[in-house]
Structure formats: structure tokens, C-alpha cells
Amino acid sequence: ALVGFGGAERVREECRDARGVRPLEDLWQDLRYGVRAMWKSPVFTFVTVLTLALGVGANTAIFSVVNGTLLRPLPYGDAGRVMTIWQNDLKAGKDGDDASPANFADWRERAQSFEEMAAVEPYGHNLTGQGEPEAFRSWLASEGFFGVMGTAALHGRTFLPEDHRPGAPPAVVLSYGLWQRRFGGDAGLVGRPLLLNGRPHTVVGVMPPEFDFPAGRELWAARAVTERERRDRGSSYWQVVGRLRPGVTVEQARAEMDSIAAQLAREHPQTNGAIRATVVPLGEQLTGHIRPALLVLLAAVGLVLLVACANVANLLLARGMERRREFAVRSALGAARSRLVRQLLTESFVLALAGGACGVLLSRWLLDLILAFTPEGLLGVGRLGLDWRVASFAAGATALTAVLFGLLPSLQFSKPDLAGALKESQRTAAGGGPGQRVRHALVVAEIATALVLLVGAGLLVRSFVELLRVDPGFAAGRIAALEVHVWGRYRTPEQRRNFFNEATARLRALPGVEGAGAVSSLPFIKMDSNMPFDVEGRPAPPAGEGPSAYAITATADYFGAMDIPLREGRLFSPADREDTTPVVLVNETMARRHWPGGSPVGQRISFGEGEERTTFEIVGVVGDVRHDGLDSRPRSEFFLTHAQDASGSMLFVVRAQGDPQMILQAAKREIWAVNKDIPFSRAVTMNQLVSKSLGERRFTLLLLSSFAALALLLAAVGIYGLVSFTTGQRTHEIGVRVALGARPRDITGMILKQGLWLALAGVGAGLVAALALTRFLRQMLFGVSATDPATFALPALLLCCVALIACYVPARRATKVDPLVALRAE
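Thresholds applied
Residues numbered from 1 in each chain as written. Predicted model: local features only at pLDDT ≥ 70, side-chain atom pairs only at ≥ 80, totals over all residues. Heavy atoms only, no water. Helix = DSSP H or I, 4+ residues; strand = E, 2+ residues; numbered from the N terminus. Contact = heavy atoms within 4.5 Å. Areas by Shrake-Rupley, 256 points an atom, 1.4 Å probe, with all protein chains shown as cover. Axes fitted to C-alpha atoms, helices over the stretch in contact; angles between N-to-C directions. Left-handed = near helix turned anticlockwise from the far one by under 90°. Nonpolar A, V, L, I, M, F, W, Y, C, P; charged D, E, K, R; others polar. Buried < 20%, exposed > 50% of the residue type's maximum accessible area, 1.4 Å probe, protein only. Pairing = 2+ DSSP bridges. Parallel < 35°, antiparallel > 145°, perpendicular 65-115°, else oblique.

Asks: Would you mind showing me how to read the overall build of the chain here?
Replies: When helices and strands are tallied, the chain shows 27 helices and 23 strands. In the chain, of all internal contacts separated by at least 6 residues, the share reaching a separation of at least 24 is 82%. Accessible area for the chain stands at about 36,200 Å²; split by element, carbon and sulfur atoms hold 58% of it.

Asks: What is the right way to read the packing of helix α18 (residues 493-508) against helix α21 (residues 664-674) from this model?
Replies: Two packed helices can be described by the angle between their axes and the distance between those axes. In contact at an axis separation of 9 Å, α18 and α21 are set at 140 degrees when each is read in the N-to-C sense. Like other packed secondary-structure pairs, α18 and α21 cross with a definite hand, here right-handed. Mapping the contact onto sequence places Phe499, Glu502, Ala503, Arg506 and Leu507 in α18 and Ala667, Glu670, Ile671, Ala673 and Val674 in α21. Its residues assigned to classes, the contact of α18 with α21 shows seven nonpolar, no polar and three charged.

Asks: Mind showing me how you'd approach the pairing of strand β9 (residues 219-222) here?
Replies: Side-chain positions along a regular strand alternate between the two faces of the sheet. Burial along β9 is two-sided: the residues Leu219 and Ala221 and Trp220 and Ala222 are all buried. Pairing geometry for strand β4 (residues 134-141) and β9, over four bridges, is parallel. Across the sheet, Ser138 pairs through a bridge with Leu219, a residue of β9. Note that strand β6 (residues 171-174) and β9 share three bridges and pair antiparallel. Paired with Val172 across the bridge in β9 is Ala221.

Asks: What's the story with the packing of helix α4 (residues 101-110) against helix α8 (residues 250-267) in this structure? I'm lost.
Replies: Here α4 crosses α8 at 130 degrees, and the two axes come no closer than 11 Å. One finds that α4 runs oblique with respect to α8. Our pair here, α4 against α8, has a crossing hand that is right-handed. Across the interface between the two elements, Asn103, Asp106, Trp107 and Arg110 from α4 touch Glu256, Met257, Ile260, Gln263, Leu264 and Glu267 from α8. Among the residues forming the contact of α4 with α8, the class breakdown is four nonpolar, two polar and four charged.

Asks: Please clarify how unusual backbone geometry should be interpreted in this entry.
Replies: Trans is the prevailing form of peptide bonds, just as negative phi is the prevailing case for residues other than glycine. For the bond running from Phe213 to Pro214, omega is -20 degrees, close enough to zero to count as cis. Structurally, Pro214 is set in the loop between β8 (199-206) and β9. One non-glycine residue, Asp78, lies in positive phi territory at about 45 degrees. Within the secondary structure layout, Asp78 lies in the loop between α3 (42-71) and β1 (82-89). Residue class for Asp78 comes out partly exposed when judged on its relative accessible area of 46%. Phi at Asn197 is positive, roughly 55 degrees, even though this residue is not glycine. Along the chain, the position of Asn197 falls in the loop between β7 (193-196) and β8.

Structure follows, in C-alpha cells:
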């Protein structure tokens, strides 16, 4: 009868398929059946959808970051042709340095690969005469800068060639953010003057919201290259950009710049002998620092999705084992294997669709959370959010998850053993066999994947801890810093000396202040340049191989305020005046490098060009400071006294007895008491600067640790689900064991042993995978090896403990089995 019924049914199906009606009807029927199945199993559906939502949501959120930072086109015209050009100092081993003004001028005149080349110099403009004074971090832009960037002004215009001529009326272009923040989006501002640095500057334009290059500043001012700058090859402080001619490749531009740099090395061996030029595409320049971290995070969150899929596949396998008799009956009634596969895949797609939809909603919240913990400026100029790429990724991830977790159960249960499935009991059908081995393999894979993520997160944690232990060379805990630029207000060296002397004296007199000074370049803030020098009494080195060091101007009290130790000689004193012998201090690195085995105190060095060349006596050696970050090496530095080199761009440094944040406002008032029109470009604590320097590492560590924790949770749920399910299917066996005298601890040990073997297998596979994959983290590590034994051992031990805890609950439940009830139920 069954065969006859099945044959008739197949005939009817074939007839309907021939009319092209049945496939659509079957699909609709499968969909309705899948939805009903989800509705009848709310706990299963909730766990499955939540697991998928976490996996898809985390992947979509991270892809949104990758898309906005690495994939989305830059907001500049034909950005693929925009290049950044940098100096490489072969002697100092420093790549990607700013260019000197004279080198830039020669590059622009000789390079044929670029249709236009321009440079910007970091600067500061003080706004007065319109309410409270304010300092704007700005750029001085050479002719052609906005043309290179290929971006027009939102309001007004950008600079014209005549704006860059010597003696031309000063002109500025505002960023959109500054225009909105300070001037309320006043469209009538264009064409009006602003009093900047004591001089009227005409606002000629406002840039679009997305224009932010170079990043971190709010205003661009037109500048001309002076004759003195055309001769300056020893100071490197210009950032250069260029636009390639149509059809010119990056490789061709690099080859030409190499040739030009070699020409300049022959023509100016003293300054350019070891200087080369490098060309970097703008997109690579903006995102190169964060690209490795984002790719690691994308790979990590992909592993989380695989763990989620393995979990759901395990749930479906367990549920499918309970439905074996259903599949056997349907197959016996004539259902083809393809029909069963389609039914099971349809159910998987219904689950995946629900999980994917919830995941997209979750990704919006996760993206906001990620951005809340992202350091300012870390993700560049990208606009993060949902676009067609993110939507396509979410749809693709949803479809992929449906295939990953649905295909294996579909293939396994679409070809049932009819005789065996119809004869065996429900409990026997649900346990053991190939299905059990597949579920075990999936849990082992989950544990291995979780271990890889935990080891990666552990390496970053160890690296971060090692970084925090580094001595920066100064005591950052109670220091506040205030940056000022007073060139426009005080035009003579005497005026600048008097202002800083009076202001630091007032700061030292504040209650709760232990010391105060001023410096031109504070650690973690780049405001200096690398300068070549000669050591008096030594033969001239070969061309281009002379020594160089970073020049910093400081007041006498700066070193005491920062708690930078004196190693030899003396510090600056009031006797060091403009009319006395010029003196400098050198740091330990410079002393070791250029006076190995001897003392530099009393030695003389000279630097500068032509009539500006000056000889200085070294009077002391001070401790090293990690100027470029905790993970940087100390560099060669020498310090000029502000009494003899009265810079107008300085940072006041104040050491407080308590919280330095509380002293900032009082320090501002004391400086305003000297000059009420002085604005502050920056008012921060040194702890804030140190924390900001660690922002990228903290960002990567936080996200990777979160993904590792999520994978650990999913793996624990997977172990618990598998052990709980298999324990439930072994009720009859456990009842027999108890009836034969097995003690509760024997039953508990048997079940815990099962979970522990799974955990050990997963740990073994995970250790092998982690050894192979953690090498990709090497460039992100500090002070720890990518194969650190302790970092591998602790996550492995943690996973074993989590596995035992996950197995303990079903093990305890199994010990309470009543053998009479278990045997009677069977």
C-alpha cells in the first residue's frame, strides 16, 4: 500500500512540475512549514536566532568600519591620482618624514610625473576681536594645494595664484566644522576679514564637511615659498602632496622621485647625501596605520560567525535526530531526497533570515558602541554607516550562514535508514551513530576557534601591559600642558622672553603647583624638526653622513616640572642670557651616539646655515624621553634655552600637587592676566596624551577581546547543549547503571570525562591553529613573543575549566535519574 501510494504521489508531482506550478507551491508550503516549526519550538527558535544575530551583527558592524575606512572612496576628486611624498633619511633610519622647504621646491620644479605638487606646514592662528579669543590649529598651504586635492569650496572659493604672492593680503579658507562651530554657519562670512595673529585675514571660502586633509586642523592659510626657505634643506616640516598626470602609474612616479633624490644628493651632499624620496598613495597613507588591525578584527569576527554557525548546526543536528522518524515516514510515502533537502534548507533559510534581520538591527547598536570607544581620528575620513556594500555584506553573510549550518543536517537526514528508523525507539534514534560524531566534531571546532581568538586577545593584553610598564622618561601623573602661539602678538625675541618669563612665574606661584616651565615640543606632540650639526674639532664627515638630532627649545624650569633627571653637568641657569655664550643640553641617546665612552659636557656643536650658523657649548646631559610614544625608542635630542632662542610656539608645563585637570582653568587665568588675548591651541594633561597615544592598541584590544569572549560563551553553550542532549538520550543507560550500583560520582565522572575529552581535542587543534595564525599579530605586539608559552597555556586552561563547568549541570541532573522511572519509560 505504501509503495502504491508513493508511486501515485510521484506521478502527481511530476505532472504538476511539468505544468510549472508545483515548484512554487512546494516552496510556499516549505516556507509555511518552516515558520510553523519555528513557532512550535520557541526556545529552540530564540536560541538559534539570538546566536545568528550575534554572529551576523558583529560581522556587519566590523564590516561597516572596514567599508567606511578602507573600501569607500575618499571624498576627493579622482583620489586615486593623489599621492603623498615623503623624505626617507637613510642615515637616521627614518622613513616617511616631512620634507624640507628647499627639497620640496626642487621636487616641484623637476618632477614630470605630477601635474601639480603642493605642500602644507602645520601652524596656529589666534582669533581675537570677536568674543573670547580662540586658537585654531591650522595649515599654511602652498600654491595649488586645493587643486591637488581636487576639491572645490562649498561656499566662496579656494586660493588663487595671487593669494600666494609675497605681500598679498592674507587669505584663509575655513573648514566646515569651524564655520559651524564658531560662526554658526554664517553664509555672509565669506569675504569678511577675521583678526588672526593680530592681522586681518580675508575669509575666501568654506570647505565641504567631508574635506579634512591633512586631518586634525580647522583652517588653511595661503603662503608663499620665501627665498630663505628655498635654501633650507636642514629643517623638515612640510607635508607634500601631488596629483599624478593621467596615465602615470605610482611605480613610474616612484622611479622618477628616486632619480630626483639621487640628483639632489649629488648636488647637496652635506644635507641630502642620505635623503631619498618615497611616494605613497593618499588612501594608503590615511589608512595604512589602521589597516592591519581592521583586517585582524575582520578575520576574528569571521571566526565568531563560524562558531555561531557550528552552534546552530549542532542544534539542528540534535533536533534532526529527534525528527528521524518523521523523515523516514515522509521518505516511505514517496518524498524524494531532493524534496527533503529543500525542506530542511528552507527551514535553515527561514532561521537565517530571522537571525540576519535581527543581526542588522543589532549591528547599528554595535557600530555606535564601537565608535564610542574609537579614538578621535583613528578611522580617518571615512563615513561609517549602512550603504549598498554593507547591505550586500549582511545579505551575503545571512545566506552563507544558512548554507553553513543547514547543509550538513540536510544531507544527513534527507536519506534516512527507513527500516532502522521506523523500528528503533525515539531515544535510540536520537543517540549515537554518525550524527553524534558530527556533533562532537562541531563542538571541537568551536573550542579550537575560541582558543585561537583567546590566544590572540591574550597576546594583545600582554603587549598592552608591557607597554604600560615602559618608563616614558618623565613623570606624567600630575602634569598639565597648555599650548600657545604668540608670534603675531609678540614680534621681537625680547617681548617673547618677557611674556613667557612672567607667565611661568605666575604659574609657579599658584596654590597647589609644584613647578612650571615651557617647551617648544612636548612628548607625544610633534612640534620639532631634525637638524644636522657638526662637532667642533672633528674632521668633516663624508657628504651626507653628518650627525643630526632633534632641536627643542625649553625654559630653565621645564626639566624640573617634567621630572626629567640631570645625568651630567648642569641645567640652564639665569646666567644663560642672549648676550652670553650659546649653550645646549643633550639627552643620553645623543651623548652615547656621538661621544661613546666620553663626556659631551664642554664639547661644542654648531648648526645653521650661512650667517645664521651658530656654535653652542654643551653644558649638561639630561635623561632620555620616549618622545614619539611608549613603543618608540629614545631619539637624539638637544635643547636650546628659551632665553637665547625665544620661540613663539610653546607649551606651558605645570606640575600640580593633585589632579592636574583641576589646575588647567586656574593656569589659563594666570596666563590671561599677562595678556587677555592669548588663546590656547591645546589644554590637556600628560595622562590624556599618553592615553591617546595608546588609543589604537586599546581599540584593537577591546574589540578582539570582546570577540574572544563571545566565542568563549558560544563554545560553552555548544558544549553544554551537546552534553545535555546526549545525557538526556542516555537516560535508559544511566538508569541501568544506577540500578546495577553505579554511584552519583561515577555518573558525574563519566559525563565530565566526555566533556573534558571534547575540550582537550578542541584545545589541541586550537593550539596548532593559534601557532600558525598568531604570526600575523607580530607587528601589533610589544615586549611579548607571538609564541609566548604562558599566553597559550592560560586560555587553554580556561577553556578546559569552562568545558567542565558547562558539563557539570547536566552531570548533576543525570545523578538524580530514578532507575525505575527510566526503565519504565523505555
